[in-house]
Every structure is written in structure tokens, then in C-alpha cells.
Amino acid sequence: MKNKNSISIKVKNRRDFIGDVAKGVGAAAMGACLNSNLLANVWTAQTAQKFGFIIHGGAGTLEKSKMTPELEQQYRAALTEALTAGYNIIVKDGSSLDAVETAIRILEDSLLFNAGKGAVFTAAGTNELDASIMDGSNLMAGAVGVLKHIKNPISLARLVMEKSPHVMMVGEGAETFAKQQGVRFVEQSYFRTEQRWNEYLEDKAADEKQRKQPPAKKAKAVSKEYVTLNDKHGTVGAAALDKKGNLAAGTSTGGLSYKRFGRIGDSPIIGAGTYANNNTCAISATGDGEYFIRVGVARDISALMEYGNKSVEEAAQIAIGKVGQLGGTGGVIGVDKNGNFVEFFNTDGMYRGRVGSDGKMIIEIYRS
């Protein structure tokens, strides 16, 4: 027989527990609980909340025959540096937004990826950068496009989110806003690397050859702008769940190699290349941007979870499946509200890394 002062409460989390006590059992029972170990045990369980951090450096990789041990080590070192920096922020009770921005800045500063310093060239021989970031706690977002003088586009995207009433700014307007915010500018020469310049020359030669083809052959040729080359993908991104349960995601890119006419892909498009919602997941995408925009990949994954009761892995498979059906390639990385990771792609590999609350870091490039 139970003591008349005892209580029986099914506890889901400390907020529900305290709320149930206040509403249902009265001050006397509340005092009894506070004097017991029950509340202490609930509190301890909640402070050990699961969190996670995941990054990517693009879907599609160098062929294994071209990936020397030295080059692979460089990729792994860069991914590890970015992953560690983001993880250290989260493990010290920092925000998911700070972790995402910090990791992406590191990848933007690397020569290895198609973002920031390692950006590809446009058909005009220039570099144009895009980026976006989203806060899952309030659905605030910021995006920038067609930047030519901004060292770290992801940071400008965050300023657009936090310091302006807008979601997206592009071109000269975005750079004017950057000057007002004291953002560091660089010359176009900062982005030039020998590897990217050689790729540009190859693309230019191929384009000129195609233009010389007879009209009949031109009609059958696939535009160079939409051909997927495995070693040309290199967009970077990150997704995080912090200890407070807040999700965030970000993506940054130099765009499509030999792109023309101010082309913008999915990376700065909220809902296509980036999306975060505390109710579902945080997603960063990479691949053939035109297809990812048409499908709305990142938002589609969240919607499949929210309205279709799919897991983040199931939702990612469905969304990338739609991209594949249209003829596109690429992939996504992400983390859901419970700390479950996803990394799904339809290419031979994807530069990626993840770390959970257990502190175990995993870096992968090719398919397992």
C-alpha cells in the first residue's frame, strides 16, 4: 500500500516533470520531491543531452588512382581541423551557429575545396562566391551570392541574417553591406590557385571546341555548364546540434566550374542547399545545384520528417532519389533533433566528417 504522500510521475524531461508537479500534485508533494533524489536524477539525465556536429567538403571526389597518399592526408587534415573546431565550440556549451560558421570558415580558407580560397573560375575568368546559414531555433536565415571580394562568405551570410531585415543579398549590394559591417575584403587574385586556373583553361578549351561544332552536333552536345565531373564538386557545409537542442546549418561554395552570367546554384538558396529547423533537422547539400533547387532538397528532407514521419536517413534517401531521377548528382549531410547523423550521396564519394557527444571523430572520403 502506497504512502499517501508518495507520488507516481512518468517523466519525459525536466520541464515536463516540474510542470506536472506544479499542476497536479501540489506544494506538499513538490517539497517531497525536491527533498528526494528523483529530481536530481532527472536533472542529471538532461544535462547529458546528446549533441552532434557533421561537415562536408563536397560530394564527388578525385578518382582513387589520382588520390595520392599525400593528397588524401591533406584532405583528412583539413576536414579534421574544421570538425575539431566546431566540436570544441559545442562541447564547451557554445552555439550550433558558432560551430557551423567557424568550421566553414576553416574550409573556406583551404585550397582544397571549392569555396573561398579554393573557388573555381567562371567563364569570364573571375571567382564568384555564394553562402548561406540558418538558425533552427527561430528559422532566421542569411544568404549571399555573386561575391567577388569577400574572404569568408559564410560570415557575411550570418551578418545578413543578424544585422539586416533581409534573407539574401547578392553582388554589389551584398558587398556594400559588407563594407558597412567592416567585413574584410580581398583582391580577386586571392582566390586564384594553379589547380583551379588549369581547370578553367581546360573548360575554356572544351567550350571553344564545342562552339566550333556544326549546328547539328551542337544541338546534341550537353552544355559544359551542366556536366558533372567528380573532381569538380567541392562545396563545403556543416550542420550542428548543440547542448541546448538548437540546430543550425550552413553551406559555402565557389559554384559551378565555368559558370556564366551571374549563375547562382543551390548553396545560398534556403530550402535547397541549406535548411535548419529545431523540430526536425539541419541539412547542408552539395552537388548539381540546378537539380537541388528544383527539388528543394534541404527543405524537402525536413518536410518528409515533419509531415511524413520519416527518419532523417529515410528522408535524405527520398530527396536525393528525386535529384537522381532528374539526372542530377550530389548529396547531403545533416543531423536531426535527437543527434542522429545522415550522410547520403549518389556519387562515388563525399568528403565528410562527423563527431557526436561521445567525442569519436570519423573522417571519410570514399564509399565504405
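Residues numbered from 1 in each chain as written. Predicted model: local features only at pLDDT ≥ 70, side-chain atom pairs only at ≥ 80, totals over all residues. Heavy atoms only, no water.

Looking at the sheet that holds strand β8 (residues 281–287)
Applicable threshold: A pair of strands is labelled paired if DSSP reports no fewer than 2 bridges between them. Only runs of H or I of at least four residues qualify as helices and only runs of E of at least two qualify as strands under DSSP, and these elements are numbered from the N terminus. A fitted line through C-alpha atoms represents every axis, and for helices the fit uses only the stretch in contact; the resulting angles, taken between N-to-C directions, go from 0 to 180 degrees. Every residue pair with non-hydrogen atoms within 4.5 Å of one another is taken to be in contact.
Pairing within the open sheet is antiparallel, and its 4 strands lie in the order β7-β8-β9-β10. The strands lining the two open edges of the sheet, one partner per strand, are β7 (274–276) and β10 (341–345). Here the strands of the sheet are splayed against their neighbours by 10° on average, with no regard to which way each runs. Of the pairings in the sheet, the one linking β7 to β8 comprises 3 bridges and is antiparallel in character. Residue pairing across strands places tyrosine 275 opposite isoleucine 283, the latter belonging to β8. Packed on one face of the sheet, helix α11 (residues 297–308) meets β7, β8 and β9 (330–336) and runs near 145° to β8. Across the sheet, helix α12 (residues 312–326) touches β8, β9 and β10, and the angle it forms with β10 is around 20°.

A closer look at the packing of helix α6 (residues 153–163) against helix α7 (residues 171–180)
Quick note on the threshold: Working definition: roughly parallel below 35 degrees, roughly antiparallel above 145 degrees, roughly perpendicular at 65 to 115 degrees, and oblique for all remaining angles. Gly is put with the polar residues, along with every residue not named as nonpolar or charged; the nonpolar set is Ala, Val, Leu, Ile, Met, Phe, Trp, Tyr, Cys and Pro, and the charged set is Asp, Glu, Lys and Arg.
α7 packs onto α6 with a crossing angle of 75° between their chain directions and a minimal axis gap of 11 Å. The pairing of α6 with α7 is recorded here as roughly perpendicular in orientation. Mapping the contact onto sequence places Leu156, Leu159, Val160 and Lys163 in α6 and Ala174, Phe177 and Ala178 in α7. Partitioning the contact of α6 with α7 into residue classes produces 6 nonpolar, no polar and 1 charged.

Topic: the pattern of salt bridges
As a reminder, the rule being used: Each salt bridge in this description consists of a side-chain nitrogen of Lys or Arg and a carboxyl oxygen of Asp or Glu lying within 4 Å of one another. Three exposure classes are used, based on accessible area relative to the maximum for each residue type with a 1.4 Å probe and protein chains only: buried under 20%, partly exposed in between, and exposed over 50%.
Evaluation of the coordinates by the stated rule reveals 16 salt bridges. Across the pair glutamate 72 and arginine 76 runs a salt bridge whose closest N-O atoms are separated by 3.1 Å. Placement of the pair is glutamate 72 and arginine 76 together in helix α4 (residues 69–91), with a separation of 4 residues, close to one helical turn. Residue arginine 76 is classed as partly exposed on the basis of its relative accessible area of 27%. Across the pair aspartate 109 and lysine 151 runs a salt bridge, and its minimum N-O distance is 2.9 Å. Placement of the pair is aspartate 109 in the loop between α5 (96–108) and β2 (129–135) and lysine 151 in the loop between β3 (140–147) and α6, with a sequence separation of 42 residues. Three or more residues are tied together by salt bridges with common partners; here these are Asp98, Glu101, Arg158 and Glu162.

A look at a nonpolar patch on the surface
Basically, it comes down to this: The patch calculation keeps residues exceeding 30% relative accessible area without a salt bridge and links them within 9 Å when they carry like charges or within 5 Å when they are nonpolar (Val, Leu, Ile, Met, Phe, Trp, Tyr). Surface accessibility in these figures is a Shrake-Rupley result with a 1.4 Å probe; residues are shielded only by whichever protein chains are displayed.
Nonpolar side chains collect at one region of the surface, where Val167, Met168 and Val170 lie side by side and expose about 220 Å² of accessible area between them. When you line up the elements, valine 167 lands in the loop between α6 and β4 (168–170). On the accessibility criterion, valine 167 (43% relative accessible area) is partly exposed.

Looking at the confidence of the model for the chain
For clarity, the cut-off: Per residue, pLDDT captures the predictor's confidence, and it can take any value from 0 to 100.
This prediction gives the chain a mean pLDDT of 86; 82% of its residues lie at or above 70. Low confidence marks residues 1–48, where pLDDT is under 50. Its contacts with residues over four positions away, or in another chain, come to 29 contacts. Below pLDDT 50 for its whole length, residues 220–231 participates in 23 contacts with residues either more than four positions away or in separate chains.

Considerations on the environment of serine 257
How we decide: Think of a polar contact as two N or O atoms within 3.5 Å of one another; within protein, one of them needs to be a possible hydrogen donor and the other a possible acceptor, and neighboring residues in sequence only count if both atoms come from side chains.
For serine 257, the position within the fold is in the loop between β6 (247–253) and β7. Looking at serine 257, its side chain comes within polar contact range of the side chain of aspartate 203, at 2.5 Å.

Considerations on α11
Listed as buried for α11 are Val297, Ala298, Asp300, Ile301, Ser302, Ala303, Leu304 and Met305. Elements in contact with the buried residues of α11: β7, β8, α10 (289–295), α12 and β9. Backbone geometry just after α11 places asparagine 309 at a positive phi near 60°.

What about the pairing of β8?
Most of β8 is tucked away: 7 of the 7 residues are buried. Neither face of β8 is left uncovered, since the one carrying Cys281, Ile283, Ala285 and Gly287 and the one carrying Ala282, Ser284 and Thr286 both have all their residues buried. Between β7 and β8, which follow one another and run antiparallel, lie 4 residues. Here β8 runs beside β9; their pairing, made up of 7 bridges, is antiparallel. When the sheet's bridge partners are listed, alanine 282 is paired in β9 with valine 335.

A closer look at the sheet that holds strand β1 (residues 52–59)
Judged by pairing direction, the sheet is mixed, and its 8 strands sit side by side in the order β4-β3-β2-β6-β5-β1-β11-β12 without closing on themselves. Among the strands making up the open sheet, the edge pair consists of β4 and β12 (361–366). Taking the axes of each pair of neighbouring strands and ignoring which way they run, one obtains an average angle of 5° across the sheet. Across 5 bridges, the pairing between strand β11 (residues 349–356) and β12 is antiparallel. Residue pairing for β12: glycine 349 is matched across the bridge by tyrosine 366. Where α4 meets the sheet, it contacts β1, β5 (236–241), β11 and β12, and its direction lies at approximately 145° from that of β12.

Focus: the nonpolar core
Here is the rule: Put simply, a nonpolar core is a bunch of buried Ala, Val, Leu, Ile, Met, Phe, Trp, Tyr and Cys residues held in one set by side-chain atoms that sit within 4.5 Å of each other.
If you look at the biggest cluster of nonpolar residues, it comprises 52 residues, and the most contacted ones within it are Phe53, Ile55, Tyr75, Val100, Phe113, Leu156 and Tyr351. No other element matches the 8 residues that α4 contributes to this core. Core analysis: the second largest hydrophobic core is formed by 34 residues, Ala276, Phe292, Val297 and Leu304 among them.

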